[in-house]
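# Observations on the model geometry
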Amino acid sequence: MKPAILVVDDDVAVCELLQDVLSEHVFTVLTCHTGQDAVNRVQQYPGIALVLLDMMLPDINGLQVLLQLQKQRPSLPVVMLTGLGSESDVVVGLEMGADDYIGKPFNPRVVVARVKAVLRRTGALDAEPAAPRVEGIAFNGWTLDTTRCELSDPQRNTVPLTQGEYGLLLALTQNARRVLSREQLLELTHSESAEVFDRTIDVLIMRLRRKIEVNPHQPLLIKTIRGLGYVFAADVSHHEKAA
């Protein structure tokens, strides 16, 4: 069964574009133009696997829609569509648990790639055959599975990550012991995005620390280097698939 994507945007042209592009990649695409319609559609259609949600809607603020969707289906991934000058909405949306954001104007290929990445992580879409050779990245007893896009703690319990958190943790672990500025982290995690914001990195760092640090207020893994950026301060090992 095709994964169903709900596109919520009051711009009919944007909805039609995304419907055309996503339909070409084995997705069932539903569209609506108001926040209330989005809430109703998710309630009526349990097969929806992901929501692309515009933050500027004519009836309800996108953040309010996000909150209602999370109450209805806490595990439903939501990717925000944001216009220029929407930095505050992006930051608040990420703090509320949105999976990712895509800035307008966007490249349709980027939208498809982000949607596929989120759905693979949630299990709604099978991993593509051409998976990377590296199967896992280990640090301090933790394992980041880069095939399934999953994080496991030292007790082998799966720790849920949003797409944004996964992308940032992957970038940090792949550059362990190297100080990375916010700009470098933005390039590593949203290289094709039309519009990105420095503060989103801070929000995602905060969310990751809550999940992997013993004490998020005194981090030992993801350290802040004042005036420079962040460094992943643990030794990292890579596990590869057998040939």
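In short, a report on the structure. (Residues numbered from 1 in each chain as written. Predicted model: local features only at pLDDT ≥ 70, side-chain atom pairs only at ≥ 80, totals over all residues. Heavy atoms only, no water.)

### Considering the pattern of salt bridges
Summed over all chains, the structure comprises 9 salt bridges. The partner of D100 in a salt bridge is R114, and the shortest N-O contact between them spans 3.5 Å. Here R114 lies in helix α5 (residues 108-122) and D100 lies in strand β5 (residues 100-103), a separation of 14 residues in the sequence. Judged by relative accessible area, D100 falls into the buried class, the value being 3%. A salt bridge links D235 to R177; its shortest N-O distance comes to 3.1 Å. Here D235, found in the loop between β11 (229-232) and β12 (237-240), pairs with R177, found in the loop between α6 (163-174) and α7 (182-189); they are 58 residues apart in sequence, far enough to count as distant. With respect to burial, D235 and R177 carry one shared label: exposed. Among the charged side chains, a salt-bridge network with shared partners connects D9, D54 and K104. (Salt bridge = Lys/Arg side-chain N within 4 Å of Asp/Glu carboxyl O. Helix = DSSP H or I, 4+ residues; strand = E, 2+ residues; numbered from the N terminus. Buried < 20%, exposed > 50% of the residue type's maximum accessible area, 1.4 Å probe, protein only.)

### Points about helix α3 (residues 62-72)
Within α3, the full set of buried residues consists of G62, L63, V65, L66 and L69. Down the axis of α3, the smallest arc covering the buried residues is 155°, so these residues share one side. Structurally, α3 contributes buried residues whose contacts are with α2 (35-44), β3 (48-54), β4 (78-82) and α4 (87-96). Regarding α3, its N-cap is N61, as a side-chain oxygen of that residue lies 2.7 Å from the backbone nitrogen of L63 further along. (Arc of directions from axis to C-beta. Contact = heavy atoms within 4.5 Å. Polar contact = N/O pair within 3.5 Å; in protein donor to acceptor, adjacent residues only side chain to side chain.)

### What to know about the sheet that holds strand β1 (residues 4-8)
One open sheet holds the 5 strands; their spatial order is β2-β1-β3-β4-β5, and the pairing between them is parallel. Of all the strands in the sheet, just β2 (28-32) and β5 have a single pairing partner and so form its edges. The mean inter-strand angle of the sheet, taken between neighbouring strand axes irrespective of direction, is 20°. Looking at chain direction, β1 and β2 are connected through 5 bridges and run parallel. Across the sheet, residue I5 finds its bridge partner in β2, namely V29. (Pairing = 2+ DSSP bridges. Axes fitted to C-alpha atoms, helices over the stretch in contact; angles between N-to-C directions.)

### Side note on the pairing of β5
Across the two faces of β5 the burial is the same, with D100 and I102 and Y101 and G103 all buried. The sheet contact formed by β4 and β5 spans 4 bridges and is parallel. Its bridge partner being in β5, M80 is matched across the sheet by Y101.

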